[in-house]
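What follows is each chain in one-letter form.
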Amino acid sequence: MTPAEVDTRIRALIEPFNKKDVAITDATTFQHDLEFDSLTVMDFVAEIEDEFDIIISMNQQAEIETYGQLVTAVHKLQDS
Amino acid sequence: MTDTATATAAPKGDLLSKFDDTIQTRETLLASGVTDPFNLVMEKVLSPTRAICNGRDTILLGTYNYMGMTFDPDVIDAGKQALADFGSGTTGSRVLNGTYQGHKECEDALREFYGMDHAMVFSTGYQANLGIISTLAGKGDYIVLDIDSHASIYDGCKMGDAEIVPFRHNDIEAMEKRLKRIPEGAGKLVILEGVYSMLGDVAPLKEMVAIAKQHGAMVLVDEAHSMGFIGENGRGVAEEQGVIDDVDFIIGTFSKSVGTVGGFCVSNHPKFDIMRLVCRPYVFTASLPPSVVATAATSINKLRHGANKRAHLWENSKRLHAGLKELGFELGTDTPQSAIVAVIMPDLERGAMMWEALLKQGLYVNLARPPATPANMTLLRCSLCAEHSAEEVETILERFERAGKATGIIAG
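Residues numbered from 1 in each chain as written. Chains lettered and ligands numbered in written order. Predicted model: local features only at pLDDT ≥ 70, side-chain atom pairs only at ≥ 80, totals over all residues.

A. Quick peek at the overall build of chain A. Helix and strand counts for chain A stand at 4 helices and 0 strands. Counting helices and strands in the order they occur from the N terminus, chain A gives α-α-α-α. Computed over its C-alpha atoms, the radius of gyration of chain A comes to 11 Å, within 12% of the 12 Å expected for a compact globule of 80 residues. Along the three orthogonal principal directions, the C-alpha set of chain A runs to about 35 × 25 × 20 Å. With 80 residues in all, chain A has 20% of them scored as buried. Taking the contacts inside chain A whose residues are at least 6 apart along the sequence as the reference set, 56% of them involve residues at least 24 apart. (Helix = DSSP H or I, 4+ residues; strand = E, 2+ residues; numbered from the N terminus. Rg over C-alpha atoms; globule rule 2.2 N^0.38 Å. Buried ≥ 20, exposed ≤ 12 C-beta atoms within 10 Å, placed from the backbone. Contact = placed C-beta atoms within 7 Å.)

Structure below.
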């Protein structure tokens, strides 16, 4: 899967979690721009993990702050 | 950074400024005039179920003192004797000068209680989780754990540097999916709790332990809130659900049913004893005082024969749960599953009001709030004791009714 395809699929997954309809760019942060709390993070991560059949450990999650970083990380993980 | 900084501007580089939001929340709560729920002092403790708080005779319903062993005469005598014979403290690590006869006897009592080959006593329950988890699962290993796991479990995971993979609370399918995705050949540890202390609900250990084993994972179960009470011999939820033989490590504490302080791990693993040399939170701290291990050993030996107390504790839990439900309170579980009954509050402010209203009537419960609670809930957590009389439980319900109506949490 190309990074663009990964991006498209994550964009679809994030929609129900994007309650305030924030315009999402690569620089959008989960904590501040999207205001995800820890529960939302868990649910959102679980959706991505199921969609791509991957594990994003909490250690990896700690490194991911922005939407762009997430797409890059998922692209890498589903490739390996 | 957030833009809700406190009124008192901090100097640049103040490392405590990261707690400004927490300070603000606390100040807002106290400004409403309620008694500080996190600063209660018990001036006198009368029994496992009664204390004097703010000069008032108070029923204790938030102590985890499930089996009421803290004032057991045999337990007290054992402690006094050990204090006289062995002194007030060991001043040393278990692996140097800190292992006395009493520490061995305490580990013997645990091995007998659980019917297991090995037992290792730590200075606290927190350190037992910290030590065992961080030593078992290191870099490159995977830990699959319930998202609602206790702070000591998360801290142990972090200290060991393993990959941490949480799954939705008590969700068997979510756990299995994650186990399936772990790379071939990686070490796997599944961590579960028998009773989750916030809502008092029980884990489906029968299914989860079986699935973990199918996927070649080792299993650790924290039975802190079930020891002494759940299971035919009080060994916990794993015993009750018939899977204790498939659990590799059981973690527990002396600060609940046992009635003192300390933590432990029991296991049948043939190499378990090496943990004494490689587990840093075991090695690099002083061992428990002789009086503490003596009271623990005596208490554990008595808990083996505690069937009548267990039966009475179940009756108390069922009555309190049914009574609170009848009054219209929202509870953490549909049915009573443990000695914990969690009452869900609409928010922190009203939770603190209700907590204070109960305290003023002479009833102490735990106020639990985020981040310790799941789903950002504010809870009034009640933990019952086998020494609460049936009449005391009725008194507790009357006080809940009055406080609930006065604060508008239930319809009056």
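B. Geometry of the interface of chain A and chain B. Each partner contributes to the interface: chain A provides 11 residues, whereas chain B provides 13 residues. Sort the elements by how many residues they give to the side of chain A that touches chain B and helix α2 (residues 38–52) of chain A lands first, with 4 residues.

C. Structural view of the pairing of strand β10 (residues 218–222) of chain B. Residue and element names in this part refer to chain B. Counting buried positions along β10 gives 4 out of 5 residues, so the element sits mostly inside the fold. By the bridge criterion, 5 bridges tie strand β7 (residues 188–193) to β10 in an arrangement that is parallel. Across the sheet, the residue bridging to L189 is M218, located in β10. Here β10 runs beside strand β11 (residues 249–253); their pairing, made up of 3 bridges, is parallel. Looking at β11, one finds that L220 is bridged to F249. (Pairing = 2+ DSSP bridges.)

D. Quick peek at the environment of L199(B). All names here are of chain B. Considering the arrangement of structural elements, one finds L199 in the loop between β8 (195–196) and β9 (201–202). Judged by local crowding, L199 falls into the buried class, with 25 C-beta atoms found within 10 Å. A sequence separation of 181 residues divides L199 from L380, and the C-alpha atoms of the two residues are 9.8 Å apart. The contact partners of L199, leaving out residues within four places of it in the chain, are G332, T333, A342 and P374.

E. View of the pairing of strand β3 (residues 56–60) of chain B. All names here are of chain B. As paired elements, strand β2 (residues 50–53) and β3 share 4 bridges and run antiparallel to each other. The residue of β3 that forms the bridge with I52 is D57. Where β2 folds back on β3, the antiparallel hairpin that results is connected by 2 residues, among which N54 adopts a positive phi of roughly 50°. Both β3 and strand β14 (residues 363–364) contribute to a ladder of 2 bridges, which runs parallel. Looking at the pairing, I59 lines up with L363 of β14.

F. Spotlight on the sheet that holds β2(B). Across the sheet, 4 strands lie side by side as β1-β2-β3-β14 (chain B); this open sheet has mixed pairing. Each edge of the open sheet is held by one strand with a lone partner, namely β1 (42–47) and β14 of chain B.

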